[in-house]
Amino acid sequence: MAFDIRMPIGIYFTLIGGLLIVYGLVGNVNLWWGLVLVVFGGFMLLLVRSAALSHMLRKLIRKG
Amino acid sequence: MNHTLHLTVIDWAIMVLYFLFVLGIGLILKRRIKTSSDFFLSGRSMPAWVAGLAFMSANLGAQEVIGMGASGAKYGMITSHFYWVGAIPAMVFLAVFMMPFYYGSKARSVPEYLRLRFDEKTRGFNAISFSIMTVISSGISMYAMGLLLNMLLGWNFNVSMWICAIIVLAYIFLGGLSSAIYNEVLQFFLIVFGFLPLVLLGLHDIGGWTGLRAGLAHVAVARGFAPGAWSESWRFMGSTASNPMGVEWFGMAMGLGFVLSFGYWCTDFLIVQRAMAAESMSAARRAPLIAALPKMLFPFLVIVPGMIAIALTQRTGVSGFVLPNKLDGTPNFDLVIPVMLGHYFPNGLLGLGLTALIASFMSGMAGNVTAFNTVWTNDIYQPYIKRDASDAHYLWMGRFATIAGILLSLAAAYLVAQFNNIMDVLQLVFAFINAPLFATFLLGMFWKRANGHGAFAGLLMGTLAAAVHHGLTLPAHAMVGVKGGWLGLVHLYPSEMAQNFWTAIFAWTSCFLATIVVSLISRPMAHDLSGLVYSETPKINTQESWYLRPAVLGAAAILAVVILNILFW
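Rules and cut-offs
Residues numbered from 1 in each chain as written. Chains lettered and ligands numbered in written order. Predicted model: local features only at pLDDT ≥ 70, side-chain atom pairs only at ≥ 80, totals over all residues. Heavy atoms only, no water. Axes fitted to C-alpha atoms, helices over the stretch in contact; angles between N-to-C directions. Helix = DSSP H or I, 4+ residues; strand = E, 2+ residues; numbered from the N terminus. Parallel < 35°, antiparallel > 145°, perpendicular 65-115°, else oblique. Left-handed = near helix turned anticlockwise from the far one by under 90°. Contact = heavy atoms within 4.5 Å. Nonpolar A, V, L, I, M, F, W, Y, C, P; charged D, E, K, R; others polar. Bend = angle between axes of the 7 residues up to and from the residue. Buried < 20%, exposed > 50% of the residue type's maximum accessible area, 1.4 Å probe, protein only. Salt bridge = Lys/Arg side-chain N within 4 Å of Asp/Glu carboxyl O. Buried area = accessible area lost by both parts, 1.4 Å probe. Polar contact = N/O pair within 3.5 Å; in protein donor to acceptor, adjacent residues only side chain to side chain. Phe/Tyr/Trp six-rings, centres within 6.5 Å; stacked < 30°, edge-to-face > 60°. Lys NZ or Arg CZ within 6 Å of the ring centre and 35° of its normal. Core = buried A, V, L, I, M, F, W, Y, C linked by side-chain atoms within 4.5 Å.

(A) Summary view of the packing of helix α8 (residues 120-153) of chain B against helix α17 (residues 391-418) of chain B. All names here are of chain B. Interhelical geometry of α8 versus α17 gives an angle of 60° and a closest axis separation of 7 Å. The angle between α8 and α17 falls in the class oblique. Read as a crossing pair, α8 and α17 show a hand that is right-handed. On the side of α8, the interface is formed by Val135, Ile136, Ser138, Gly139, Ile140, Met142 and Tyr143, while α17 contributes Ile406, Leu408, Ser409, Leu410, Ala412, Ala413, Val416 and Ala417. Looking at the contact of α8 with α17 residue by residue, the classes come out as 12 nonpolar, 3 polar and no charged.

What follows is the structure, given as C-alpha cells:
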C-alpha cells in the first residue's frame, strides 16, 4: 500500500498531545491544547484506518 | 532586556520527537526512490491535497512567520495585502492558466519549460541565476535561525545551524522531493497548531477583536496616523502619507498584486515544483487552489500576533509586555513572534511553539535545497556538463547536489555573518533579475509570436530597467548606496516598500515591451508549440464534477478574498 502521511501526522500529534495533557495535570492551556492535539491526531488516524478498511473491502469484493 | 527562554524536559521531548519523525519519514521513503524522476519529481505521484499543503508550506520559511509577524506590528492590517492581494490571485492564475503548460509539457523544472518554449540561452540565464539565488536564500534563512536560537535559547550559533542543516540534508538525501513534500505537510500542521494558541491567548488577553482595535487606535494616533490606520487594510491607501507602509493603492495593486506576486507564485520553481509533483493534471491544477484556502486565513495566524504585540505595548505595566530594542534603540520587530511565545506560552506549549518555529525554518530550507538539486542536475549538469549519462548517474548527481546545496547554504550563512552588506547587494541583484520574469512567461504562454531572442532580450532589458530605476531613486531617510540613488537622484519615495513596488513595475513593463519588439523584428519559433502556448494547445476536457473544476474553485477563492478585503476594508 502507498505511504500515507496521515499516519505519522496522527501518531505525532497524539503523542505530543498526550505529553501536554500529562504535563498539564502534573507539571490550564497545556491540558486544553493537549486535548485539541489528541483529537486532531486521532482524527488523522481514523482517516487512515477508514482508508485502509475501504481498501481492504475493495480487495475482498474484487476477489468475491 | 533579557528575552532568553528556559526549556524543560517536556519542551525538549516535543522537539526531539519532531526531529525523529522527520528523519523517520525520510527513512521510510528511501526504499521508494529508484529513478531520478522519483527523486526530483516524486515520480509525479502526490495526491492533490498533499501537493497543495506542501505548495503552501514551502513558502512558510522564516520570512513568512517571523517577517509577517514583524510587519503586523510595524504596519498593522495592511500587511494582509501580501496574502489577499499579493498571493491568492496569482495562485488562482497559476492553477487555471499556467499549470496546464508546466505539467502538460512534461518539463521537469521551470527553466526546462523556458527551453522547450524559447531556447537554450533563456533557460541557462534562468537556471543559473535561480540556482545561485536558492543557495543564498537558504543561507540567509540558516543564518537567521542560528541567530534567533542563540538569542532565545542561548544555543551555540554554529551547533544549532549545523544540526538543522544535517537533519534537512538527511531527509532529502534519503527520500528526495517526496520526503521534503511529506515533511512539509507535517510542518504545515505543526505551524498551525503551534501558533494558533498564541492568537487565541493574545486575543483573549487584549479583549477580543474590539479590544485589539482600541489598542491599535492608540498606536496609530501616537504615531501621527488616523485611529484605523493599523486595523484597516484599504481605507488609508489613498496616499502614501496616510498609512504606516508609505504605499499608495496603485503601487500596491500593480507592484505587489501583479508584478511581484505573479512573478513569485507563477514562476518560482521552488513553489511550482510541489504542484508539478502531483499525480495527474487535475491534481496539479487543484494543488495551488487547495493551498489558497489556508493561505487566505494565514494573516490571522502570523500577522495578528504582531498586531496584538504592538497593541499590548500601549498598556505596559498591566501586561508587562515590552518589545525588545535593537542596539540603536529602535524596536526589533523581528523578535515579536518569539517574544510573544515566551510571554504567553508555559513550558510544554512553549516546546510546541518553538518546534513550529524551527519547522518553518526547516521547510523553507528544504524547499530551497530540493529546487536547487533539481535545477542543478536537470538544467545545468545534464545539458552543459554530462549530457548522455544513465538515469542512475543523474540520481547520484541529485543526491550529491543535495549535499553540495546544504554546504553552499552553510557557506552563504557564514558569509552573511561576516559581510552583511555583500548579501544585501546580492539580494538586490537577484531582485532585479526576478522582477521582469513574469512578463516572459506571460508572453511565452499566451502569444505564440514571442521567440527566444525576444525572451532573452526582454529579461536583460527588464533587469537593466530595474537596476537603473533603483539607481536613480531613494526611499526617504535612506543613505545613498544599497538602498538606491547610486546613479543620481531623480525621485524620492516615501518608503522602501514603495520603491520596491515601483522598481518591479518598471522592470516588468520594460521586459514586456522589449520581448514584443525584439520578437516582431526577428524570426518566429520554428518548432511545434503544442502544449506550450495557449492558442496551440487543445482544450482540456475534464471528467470532473463542475464544482471540482479549477475555474470554479478559482472563482470561489477570488470571491472569498474579495469578501475578506471588504470585511477588513
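Let's pick the thread back up.
(B) How the structure looks around helix α13 (residues 281-297) of chain B. Residue and element names in this part refer to chain B. The principal kink in α13, of about 30°, is found at Ala287, preceding the proline Pro288 by one to four residues. Burial analysis of α13 places 12 of its 17 residues in the buried class, which makes it a mostly covered element. Among the residues making up α13, those that are buried are Ser282, Ala283, Ala284, Arg285, Ala287, Pro288, Leu289, Ala291, Ala292, Pro294, Lys295 and Met296.

(C) Examining the pattern of salt bridges more closely. All names here are of chain B. The tally for this structure, following the rule as stated, stands at 11 salt bridges over all chains. Residues Asp119 and Lys121 are paired through a salt bridge, measuring 2.5 Å at the closest nitrogen-oxygen approach. Judged by its relative accessible area of 17%, Asp119 is buried. As a salt-bridge pair, Glu536 and Lys448 come within 3.5 Å of each other at their nearest N and O atoms. Of this pair, Glu536 sits in the loop between α21 (496-521) and α22 (550-567) while Lys448 sits in the loop between α19 (437-446) and α20 (452-472), and the two are 88 residues apart along the sequence. Since its relative accessible area comes to 32%, Glu536 is described here as partly exposed. Look at Lys448 and you get partly exposed, because its relative accessible area is 47%. One network of salt bridges, with partners in common, ties together Arg108, Glu112 and Arg115.

(D) The arrangement of the interface of chain B and chain A in detail. Across the boundary between the two partners, chain B contributes 29 residues, which contact 22 residues of chain A. A buried area of about 2200 Å², summed over both sides, lies between chain B and chain A, and 87% of it is on carbon and sulfur atoms. The three residues of chain B that bury the most area against chain A are Ile10(B), Phe21(B) and Phe193(B), which together make up 25% of that side's buried surface. Between the two partners, chain B and chain A, sit 0 salt bridges. Scanning the region where chain B abuts chain A turns up 4 residue pairs in polar contact (both at pLDDT 80 or more). Counting only elements with at least two residues in the side of chain B that touches chain A, the list comes to α1 (9-30), α3 (48-57), α9 (157-206) and α16 (349-384) of chain B. Considering each element in turn, the side of chain B that touches chain A owes the most residues, 10 residues, to α9(B). Class assignment for the residues of the side of chain B that touches chain A results in 24 nonpolar, 4 polar and 1 charged.

(E) How the structure looks around the packing of α9(B) against helix α15 (residues 336-344) of chain B. Residues and elements named next belong to chain B. One can describe the packing of α9 onto α15 by two numbers: an axis separation of 10 Å at closest approach and a directional angle of 70°. One way to sum up the angle between α9 and α15 is to call them roughly perpendicular. Here α9 and α15 pass one another in a crossing that is left-handed. The segment α9 lies against α15, with Phe195, Leu198, Leu201, Gly202 and Asp205 engaging Ile337, Met340, Leu341 and Tyr344. For the contact of α9 with α15, the residue count by class is 7 nonpolar, 1 polar and 1 charged.

(F) Broad picture of the packing of aromatic side chains. Taken as a whole and judged by the stated rule, the model has 46 aromatic pairs over all chains. Centroid distance Tyr113(B) to Phe441(B): 6.2 Å. Interplanar angle 20°. Geometry classified as stacked. Of this pair, Tyr113(B) sits in helix α7 (residues 110-117) while Phe441(B) sits in helix α19, placing them 328 residues apart in sequence. Look at Tyr113(B) and you get buried, because its relative accessible area is 1%. When its relative accessible area of 0% is taken as the criterion, Phe441(B) is described as buried. In this structure an aromatic cluster arises from ring pairing among Tyr12(A), Phe13(A), Trp33(A), Phe40(A), Tyr18(B), Phe19(B), Phe21(B), Phe188(B), Phe189(B), Phe193(B) and Phe298(B). Cation over ring: Arg44(B) sits above Tyr103(B), and NZ or CZ is 4.4 Å from the ring centre. Above the face of the Phe173(B) ring, Arg399(B) is positioned so that its terminal group lies 5.6 Å from the ring centre.

(G) Main features of the nonpolar core. Ranked by internal contacts, the top residues of the largest apolar core, which has 196 residues, are Phe13(A), Tyr102(B) and Leu357(B). The leading source of residues in this core is α9(B), at 25 residues. The residues touching Tyr102(B), leaving out its near neighbours within four places in the chain, are Arg44(B), Leu94(B), Ala107(B), Val110(B), Tyr113(B), Cys266(B), Thr267(B), Val272(B), Met276(B), Phe441(B) and Met445(B). Counting 13 residues, the second-largest nonpolar core is a separate cluster that includes Met252(B), Leu256(B), Tyr493(B) and Met497(B).

(H) Inspection of the environment of Ser138(B) at higher detail. Residues and elements named next belong to chain B. Within the secondary structure, Ser138 is located in helix α8. Note: C-alpha distance between Ser138 and Gly61 (77 residues apart in sequence) is 9.5 Å. Discounting chain neighbours no more than four positions away, the residues touching Ser138 are Met365, Asn368, Val369 and Ser409. A polar atom in the side chain of Ser138 sits 3.1 Å from the side chain of Ser409.

(I) Fine view of the environment of Ser363(B). All names here are of chain B. By the element assignment, Ser363 lies in helix α16. A relative accessible area of 0% places Ser363 in the buried class. Here the alpha-carbon distance between Ser363 and Val192, two residues 171 residues apart in the chain, equals 14 Å. Here Ser363 is in contact with Ser57, Ala58, Leu60, Glu184 and Gln187, once residues within four sequence places are set aside. At 3.2 Å, the side chain of Ser363 forms a polar contact with the backbone oxygen of Ser360.

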